[in-house]
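A closer look at the structure
Residues per chain, in single letters:
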Amino acid sequence: MSIIVLLISISLTIAIIFLLIFYWSMKSGQYDDTYTPSIRMLFEDKKKEKKSSAEKKKHST
Amino acid sequence: MATLYPDSGNQTLTEQDVKCYHCGEPCDELLWQDDKPFCCYGCKTVYEILSANDLCEYYDLEKNPGTTLRHVSDEAYVYLDDPQIRKKILGFDSDTFARVQFYIPAIHCVSCIWLLENLQNLNAGILRSEVNFVQKTATIDFNPTHIRLSEIARLITSVGYAPKINLDAETGKMTQRASYDKSLVLKLTVAGFCFGNVMLFSFPEYLGLDPSEGQLAQIFSWLNILLSIPVLLYSDSYYMVSAWKSYKQRQINIDVPIAVGLIALFGRSVWDIVTGYGPGYLDSFTGLVFFLLIGRWFQNKTYESLAFDRDFKSYFPLAVLRKAKNDWEPVVVYNLEKGDQIKVRNMEIIPADSLLLDNEAFIDYSFVTGESKPVLVKKGELVYAGGKLIGQPITLVIENRTSQSHLTSLWNNQVFQKPEESRYKRLIDKAAKRFTWVILGITAVSGVYWYMANPSQVWLIITSILIVACPCALALTAPFTYGNMLRVFGKNNLYLKNADVIERMAAVNAVVFDKTGTVTHGHDPEIIFTGELSDEEKGWVHTLTGYSTHPLSKLIHKYLHIGQGNVVEEFKEIPGKGIEGFVSGIRVRVGSARFTGFHERFEDLSSTVFVAIAEEVRGYFSVRTAVRKNIQEMLGRLGDRCVAMLSGDSKADYVQMSTLFQPATQLLFNQSPHDKLHYISNLQHQHKQVMMLGDGLNDSGALKQADVGIAVTDDTGVFTPACDGILQGDRVSGLDKFLSLAKSATGIVKAGFVLSFTYNAIALSFAVTGHLTPLVAAILMPLSSICVVVFTTVAVNIAAKRHLTKQLA
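In this text the structure is predicted, and so the values were computed from the model without any measurement.

As for the overall build of chain B
Regarding its fold elements, chain B presents 26 helices and 28 strands. Within chain B, counting contacts between residues at least 6 apart in sequence, those at least 24 apart form 66% of the total.

Okay, structure coming up:
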């Protein structure tokens, strides 16, 4: 019987941790903008790569 | 895209087919740069800026990503450097680091994000910028020692992303709502979490537990209490706080029954567990809060999608004269750009913050501050939106784009509020109070009954009753109906001040008209001048009448189109009489016979405007204005509701008017503004609900006195805060339709009341007889609100179709 109490306390603790993680992510604004970051990561950083991709695009159109 | 290059050999394209490389608009006038077509210098400039900074990737991410650019003057954003304004706008400010968030409506594609996040390549003073595509904002970190705030605003404007800077609370409101949504979701999460776990620990109870494991049941019950505490303290705080506030004010509001129900359920459960009587109802308690919050969230979403926030369509299109080449043309205020030159005439409202170009002017800020003493403004000083010009017309340069909401908030200033409160608001407040007591009474009675009949059910039944009886649907009916009505009226060019006006309109049983500009047109007149005036003198009269906004002044001003460049000094306008001023040192007066000093007996068949130059009457204009289209039919439909026509002019038009109006209508001429006001207050003493239609200038007193005062305008909206609504001239013929639509609004509100009351009564009867669990009650309650909101929205639209489209179209 005591094993049930132990298991329950573990499961409840884990569940509460997940709740707190969600709480934190919501508070820190991770759901405020769900679109821009997905675009931002696709932008090229270096100029060289940028040019080649630009050329590629020109050829394709 | 390749076919658009000029050297590609494909020259059969017409110019209309060529799309601007920057903005994608068809090019009327082609400009070439680097073999790329541009529609205007603005677009070309943006391209040049970007290509010079090696930012042409902008054009690779999307085709024609830009927006057409309008000219920005260098001073356009200078006001942003004002410390006061700066403080309002900046999110963070220090000597070397500052952060600003701009709302940029033009953000629409991937390229926009890319360019706006690469601003640091355009100016080294910008440290970082980040775009929120969903909210269309850009957050920019910059170094104030290298770049000023105004320069940033100008920079992003010059590449086609003009920020919309709103110093009102408007922008703040948006973020406020977002954070409210967020806290609701968090509360919902906690409630859901606790509800799920409480249910888990209640399973043994549901299935029936072996008595030998009683200790386990104890542990589970105590865990349930622990899990319920966050729900009690955090998740249901909306209801608790609101109920507590109302208790503190010694009042009772609709959240009180819910709070009472929740506390009863929780308290009883804890008591049961502590005394070892039973497992309590904590699963019901947490579930109840969970469903209440889901309902609330869903309700918020519904409201948002049906929001009757006054969008620009329900604002009246206030117009001003803007300089265009050599002439002045009327423009709707929200089309004004920074740097535009505008002309404002006597008694007109300054539509936007702007700089004075003339030497001096007197501005009456009573709409803004309540202080009616005019303020002297000198050349180059800032004039704030909402001020009213007293005296000579002035030219201004727009400094700050205006927002309609700002002007409307002025319109709703306390000073111009009619004293009587909305009837329905009062009714609802009263009903809500009584309703709550009735609910508490019913709960107590059925609690006693069930205590005797079946004590185990008492607490659940009490909670169900308290939850399901919530009368919030009742409270929503009127605001949603009237809010939607406002929008419908706005679409049909009747712009009302607020929702209360509709209620008063529905009760109108006496309509009074002004003549000039209301029953008759403000344009296409037949003007004859009798007497003698030299061309120079005609020029003087032309200039003088241009200073006034009276319909007759405007007509004469248009009729005499000679003599530019005169200046009038000491301009004065006496409402109901005339205007005067000094041109080249000579006194010129234009107005009624008595005003100009003409005392002989005089009969004419039209409106007459006398002209006196240097104290000598030189002749008169006879102005015959055509009656608006379809007025007679409208008057016929109004029947005896139309009680009078009050005109400030001579009896000249009597014959024409008497055939136009119904025989029962009183036709009064030579009425001074005071007479008009008096006439209306007399009607009100006879317990009539009076609606007055006038030009809003001579009649402003009467408009204010009337229960519903409507200003009729043709081209230029003369902003008179004293009126309750502004009606576009060509819609006067639909007045009766508007009145009947307003009446139907009352019907819809009543139907909404009946609907929500029936809903509540039925749900209540189920709850009292014990057929409703608190969980179902928690789902039914927000559902009733949503039902009512959808009902009113649909009903208003159907009524609008039935009443308006038939004959207004």
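Moving on, there is more to tell.
Some details on the packing of helix H18 (residues 535-546) of chain B against helix H19 (residues 551-559) of chain B
Relative orientation and spacing of two packed helices are given, respectively, by the angle between their axes and the distance between those axes. Residue and element names in this part refer to chain B. Running from N to C, H18 and H19 cross one another at 140 degrees; their axes reach a closest spacing of 8 Å. As far as their axial angle goes, H19 and H18 are oblique. As for how H18 packs across H19, the hand of that crossing is left-handed. Taking contact as the criterion, the partners of Val541, His542, Thr545 and Gly546 in H18 are, on H19, Ser553, Ile556 and His557. Per-class residue counts for the contact of H18 with H19 are two nonpolar, five polar and no charged.

Considering the pairing of strand E19 (residues 568-574) of chain B
Residues and elements named next belong to chain B. Summarising the sheet, E19 and strand E20 (residues 578-583) pair through five bridges and their orientation is antiparallel. Each bridged residue has a counterpart across the sheet, and for Val568 the counterpart in E20 is Val583. In this antiparallel pair of consecutive strands, E19 and E20, the connection spans three residues, and Gly576 shows a positive phi of 80 degrees.

Things to note about the confidence of the model for chain A
Residue and element names in this part refer to chain A. In this model, chain A carries an average pLDDT of 74, and 70% of its residues clear a pLDDT of 70 or more. Taken element by element, chain A is modelled with least confidence in helix H3 (residues 47-60), mean pLDDT 43, and with most confidence in helix H1 (residues 2-27), mean pLDDT 90. Between residues 48-61, whose pLDDT stays under 50, and residues either more than four places distant or in other chains, the model counts nine contacts.

Brief notes about the sheet that holds strand E28 (residues 725-728) of chain B
Residue and element names in this part refer to chain B. The strand order E16-E28-E27-E26-E17-E24-E25 describes an open sheet built from seven strands, whose pairing is mixed. Two strands bound the open sheet, and with one partner strand each, they are strand E16 (494-496) and strand E25 (666-668). Pairs of neighbouring strands in the sheet enclose a mean axial angle of 20 degrees, with direction left out of account. In this structure, strand E17 (residues 510-514) lies alongside strand E24 (residues 642-646), joined through four bridges in parallel fashion. Paired with Val511 across the two strands is Cys642, which belongs to E24.

Observations concerning helix H5 (residues 149-158) of chain B
By the burial criterion, the buried members of H5(B) are B:Leu149, B:Ile152, B:Ala153, B:Arg154 and B:Ile156. Of the residues flanking the end of H5(B), it is B:Gly160, one or two places downstream, whose phi is positive at about 100 degrees.

Rules and cut-offs
Residues numbered from 1 in each chain as written. Chains lettered and ligands numbered in written order. Predicted model: local features only at pLDDT ≥ 70, side-chain atom pairs only at ≥ 80, totals over all residues. Helix = DSSP H or I, 4+ residues; strand = E, 2+ residues; numbered from the N terminus. Contact = placed C-beta atoms within 7 Å. Axes fitted to C-alpha atoms, helices over the stretch in contact; angles between N-to-C directions. Parallel < 35°, antiparallel > 145°, perpendicular 65-115°, else oblique. Left-handed = near helix turned anticlockwise from the far one by under 90°. Nonpolar A, V, L, I, M, F, W, Y, C, P; charged D, E, K, R; others polar. Pairing = 2+ DSSP bridges. pLDDT = per-residue confidence, 0-100. Buried ≥ 20, exposed ≤ 12 C-beta atoms within 10 Å, placed from the backbone.

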